[in-house]
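Observations on the model geometry
The primary structure of each chain is shown beneath.
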Amino acid sequence: QRNAGSSSDGTEDSDFSTDPEHTDSSESDGTSRRSARVTRSSARLSQSSQDSSPVRNPPSFGAEEPVYSTRRVTRSQQQPAPVTPKKYPLRQTRSSGSETEQVVDFSDRGHLTGKHERHFSISGCPLYHNLSADECKAPTERQLRYKEKVAELRKKRNSGLSKEQKEKYMEHRQTYGNTREPLLENLTSEYDLELFRRANGRLRTCREKLRLQGQITEGSNMIKTIAFGRYELDTWYHSPYPEEYARLGRLYMCEFCLKYMKSQTILRRHMAKCVWKHPPGDEIYRKGSISVFEVDGKKNKIYCQNLCLLAKLFLDHKTLYYDVEPFLFYVMTEADNTGCHLIGYFSKEKNSFLNYNVSCILTMPQYMRQGYGKMLIDFSYLLSKVEEKVGSPERPLSDLGLISYRSYWKEVLLRYLHNFQGKEISIKEISQETAVNPVDIVSTLQALQMLKYWKGKHLVLKRQDLIDEWIAKEAKRSNSNKIMDPSCLKWTPPKGT
């Protein structure tokens with residue numbers, strides 16, 4: 001006799017359901033059959049309870065009626081054995097192929113790295129990774145043996161190069177230049193050299209796989225270095241140069257007209273006949289060897305496009321390359337007896353409805369961390385003061401841009417508070433005095449913990465410790481020429497702005 005939902009051998013029958021047409025309509029044994037009818041869902045529920053509960057026994061499905069325990073066991077009556085991570089997996093798989101999750105109460109003691117006493121997420125829990133807190137703290141025997149092995153291999157490193165080896169290396173460098181890898185023998189231990197070559201080979205293998213899969217095209221991000229004046233610059237990001245140039249590993253650029261070329265010979269011929277010694281446009285600022293040129297994107301379209309392509313090699317979020325006509329470019333240069341060398345630039349819209357005074361800003365890598373970035377930011381606010389407007393950089397700011405601007409706003413606010421002698425201060429007055437947007441002022445004050453709310457009023461705290469720290473930094477600075485002088489600006493706002 002076969003019951004619905006079960007077979008005669010006690011296993012679940014997946015070919016039958018509990019529809020009335022598959023059951024017997026006899027009334028004599030109807031009561032017993034109803035008690036023995038088990039649907040697939042109830043069977044799975046019983047199987048799930050069997051997997052997750054350590055107390056109940058699984059019901060048997062057969063011709064006889066299933067027997068269920070009437071004893072109810074509460075949580076307080078259960079006394080499970082101490083939790084051992086190896087015996088309680090988080091997931092259990094049934095024969096049907098689906099998974100059920102078992103809830104395990106993990107304590108917040110220990111951390112996977114062994115450096116902290118507590119963790120706050122399951123990914124840092126030692127029990128989740130089938131480890132104990134003590135096992136995470138102490139290195140395993142395998143790790144200790146590997147560490148001793150590496151230390152022993154690195155002891156075999158030679159103390160230094162002999163004179164003959166140095167001459168051999170110099171001869172190899174002069175013969176092949178950058179077309180071949182330098183000789184690496186005897187520079188480090190054999191273990192580290194082999195490790196480097198294995199990692200390099202694995203990188204090339206992965207790159208070839210990505211290229212075959214179409215995720216890396218032949219011309220994408222292939223420009224690794226550019227020859228720019230007397231500098232050789234490593235690029236940071238991909239720039240959409242034409243394909244015939246993008247597939248090259250190295251570009252040669254004229255540092256005055258920003259034309260890009262394929263070889264050193266073409267660059268040398270170009271430099272012999274290039275008449276440019278400074279950016280096109282009007283020189284609107286000069287102090288010492290520092291000059292700033294205003295370049296109209298509509299009048300000097302090719303130069304501005306080349307400038308944007310060059311900037312994209314060092315900016316991740318820049319998206320404008322060819323549509324340069326609605327923008328003005330302010331290019332900062334440093335002059336010597338050979339010409340005006342590019343330091344950096346910023347661009348701004350000719351007509352900005354949101355009063356953005358900077359759309360894109362860049363300092364060339366060879367001039368970074370020398371104060372030129374703040375000079376460019378200061379010059380953009382100097383133009384806003386002449387226009388009698390309140391300016392702000394275009395959002396969103398990049399990570400490096402936010403750091404630079406936050407540092408500049410901090411100096412401006414500390415200088416203003418140092419010179420302020422009154423008792424009541426207004427955000428609007430600070431904005432009109434410095435041409436900084438009130439939103440940027442408030443965000444900087446909050447970052448410096450100088451803005452408090454007390455008894456229904458917003459108070460600006462004059463933190464003397466920050467002001468004294470700023471005064472000490474200003475006294476130590478020797479580059480006093482890295483400050484924009486408003487008297488050296490010869491500029492009138494363009495019409496229509």
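Residues numbered from 1 in each chain as written. Predicted model: local features only at pLDDT ≥ 70, side-chain atom pairs only at ≥ 80, totals over all residues. Heavy atoms only, no water.

The name given to the protein chain in an unreviewed UniProt entry is Histone acetyltransferase, with the source organism recorded as Leptosomus discolor. What the UniProt record of the protein chain gives under Catalytic activity (unreviewed entry) is the line "L-lysyl-[protein] + acetyl-CoA = N(6)-acetyl-L-lysyl-[protein] + CoA + H(+)". Regarding the protein chain, the relevant UniProt record gives this comment under Sequence similarities (unreviewed entry): "Belongs to the MYST (SAS/MOZ) family." (UniProt positions renumbered as here; feature names shortened; annotations may be inferred.)

Some details on the UniProt feature "active site" (unreviewed entry) in the protein chain
UniProt records the feature "active site" (unreviewed entry) for Glu394 in the present numbering. Here Glu394 shows up in the loop between strand E13 (392-393) and helix H11 (399-419). Looking at Glu394, the relative accessible area reads 28%, which means it is partly exposed. Filtering out sequence-adjacent residues up to four positions away, Glu394 remains in contact with Glu349, Tyr356, Val358 and Ser359. (Helix = DSSP H or I, 4+ residues; strand = E, 2+ residues; numbered from the N terminus. Buried < 20%, exposed > 50% of the residue type's maximum accessible area, 1.4 Å probe, protein only. Contact = heavy atoms within 4.5 Å.)

Here's the deal with the side chain of Lys312
When you line up the elements, Lys312 lands in helix H9 (residues 301-312). Salt bridges are absent for the buried Lys312, whose nearest opposite-charge side chain, Asp316, sits at 4.8 Å. Looking at Lys312, its side chain comes within polar contact range of the main-chain oxygen of His238, at 3.0 Å. For Lys312, the contacting residues outside a window of four places in its chain are Tyr237, His238, Ser239, Pro240, Lys318 and Tyr321. (Lys, Arg positive; Asp, Glu negative; His and termini not counted. Salt bridge = Lys/Arg side-chain N within 4 Å of Asp/Glu carboxyl O. Polar contact = N/O pair within 3.5 Å; in protein donor to acceptor, adjacent residues only side chain to side chain.)

Notes on unusual backbone geometry
Following Arg395, the chain continues into Pro396 via a peptide bond in cis, with omega recorded as 0 degrees. In this structure, Pro396 sits in the loop between E13 and H11.

Describing the sheet that holds strand E3 (residues 225-228)
One open sheet accounts for four strands, arranged E4-E3-E5-E6; its pairing is mixed. Edge positions in the sheet fall to strand E4 (231-234) and strand E6 (260-261), since each of these pairs with one other strand and no more. Inspection of the sheet shows strand E5 (residues 250-253) paired to E6 by two bridges, in the antiparallel sense. Considered in E6, the bridge of Met253 is made with Tyr260. (Pairing = 2+ DSSP bridges.)

Observations regarding the pattern of salt bridges
This model, assessed by the stated rule, comprises eleven salt bridges. Two residues, Lys374 and Glu411, come together in a salt bridge whose shortest N-O distance is 2.6 Å. Residue Lys374 is found in helix H10 (residues 372-387), and its partner Glu411 is found in helix H11; the two are separated by 37 residues along the sequence. Assessed through its relative accessible area of 27%, Lys374 is described here as partly exposed. For Glu411, a relative accessible area of 12% translates into the label buried.

Structural notes on a positive patch on the surface
Taken together, the side chains of Lys259, Arg268, Arg269 and Lys273 define a basic patch exposed on the protein surface. Tracing the sequence through the fold places Lys259 in the loop between E5 and E6. Residue class for Lys259 comes out partly exposed when judged on its relative accessible area of 43%. (Patch = residues over 30% accessible without salt bridge, like charges linked within 9 Å, V, L, I, M, F, W, Y side chains within 5 Å. Areas by Shrake-Rupley, 256 points an atom, 1.4 Å probe, with all protein chains shown as cover. Charge placed at Lys NZ, Arg CZ, Asp CG, Glu CD.)

Some thoughts on the sheet that holds strand E7 (residues 282-287)
Strand pairing in a sheet is mediated by backbone hydrogen bonds. Such pairs are either parallel or antiparallel. On the basis of which strands lie adjacent, the open sheet formed by five strands has the order E7-E8-E9-E10-E12 and antiparallel pairing. Only two strands of the sheet have a single neighbouring strand rather than two, namely E7 and strand E12 (360-363). Strand-to-strand twist of the sheet, defined as the mean angle between neighbouring strand axes without regard to direction, takes the value 20 degrees. With respect to the sheet, H10 is in contact with E7, strand E8 (290-296), strand E9 (327-336), strand E10 (339-349) and E12, its orientation differing from that of E10 by roughly 50 degrees. (Axes fitted to C-alpha atoms, helices over the stretch in contact; angles between N-to-C directions.)

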